[in-house]
Amino acid sequence: MTPYYALTADGEHDLRQITLAEKSAFVVGNEEFGLSFEPTDYPGMQTLRIPLFGQMESLNASVAAAIVMYEYVRQHGKD
């Protein structure tokens, strides 16, 4: 089964400290409203957070998606 990961500001796993499955699916919410569902309603869905420094509260959705894709390729990219 493909693991599903939802990006949330208060995710249970720090993106820097999790090993992403080779076959993964990522869910990115709306920049203003977040996800349109509760991740806890979907057994097996894990929530990820991207650590932020300073006074930032969140990232633009496209920036968050780019960061998680970068980390995925870093872990699984083929040279």
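What this report covers is the structure whose coordinates are included nearby. (Residues numbered from 1 in each chain as written. Predicted model: local features only at pLDDT ≥ 70, side-chain atom pairs only at ≥ 80, totals over all residues. Heavy atoms only, no water.)

1. So, the pairing of strand β1 (residues 4-7)
Here β1 runs beside strand β3 (residues 25-28); their pairing, made up of four bridges, is parallel. Within the sheet, the bridge partner assigned to tyrosine 5 lies in β3 and is phenylalanine 26. Direction of pairing for β1 relative to strand β4 (residues 46-49): parallel, over a ladder of three bridges. What sits directly across from alanine 6, in β4, is threonine 47. (Pairing = 2+ DSSP bridges. Helix = DSSP H or I, 4+ residues; strand = E, 2+ residues; numbered from the N terminus.)

2. A word on the side chain of histidine 76
One can find histidine 76 in helix α1 (residues 61-76). Given a relative accessible area of 19%, histidine 76 falls into the buried group. Non-local contacts of histidine 76, meaning those with residues more than four positions away in its chain, are made with Leu20, Ala21 and Glu22. (Buried < 20%, exposed > 50% of the residue type's maximum accessible area, 1.4 Å probe, protein only. Contact = heavy atoms within 4.5 Å.)

3. A look at the sheet that holds strand β2 (residues 13-14)
Strands sit in the order β2-β4-β1-β3 across an open sheet of four strands; the sheet is parallel. Here the strands that pair on one side only, and so sit at the sheet edges, are β2 and β3. In the sheet, β2 pairs with β4 via two bridges, with the strands oriented parallel. Paired with histidine 13 across the bridge in β4 is leucine 48.

4. Looking at the side chain of threonine 47
Along the polypeptide, threonine 47 turns up in strand β4. With a relative accessible area of 12%, threonine 47 lands in the buried category. For threonine 47, the side chain forms a polar contact with the main-chain nitrogen of glutamate 12, separated by 2.9 Å. (Polar contact = N/O pair within 3.5 Å; in protein donor to acceptor, adjacent residues only side chain to side chain.)

Bear in mind that shape data such as this cannot, by itself, settle questions of function.
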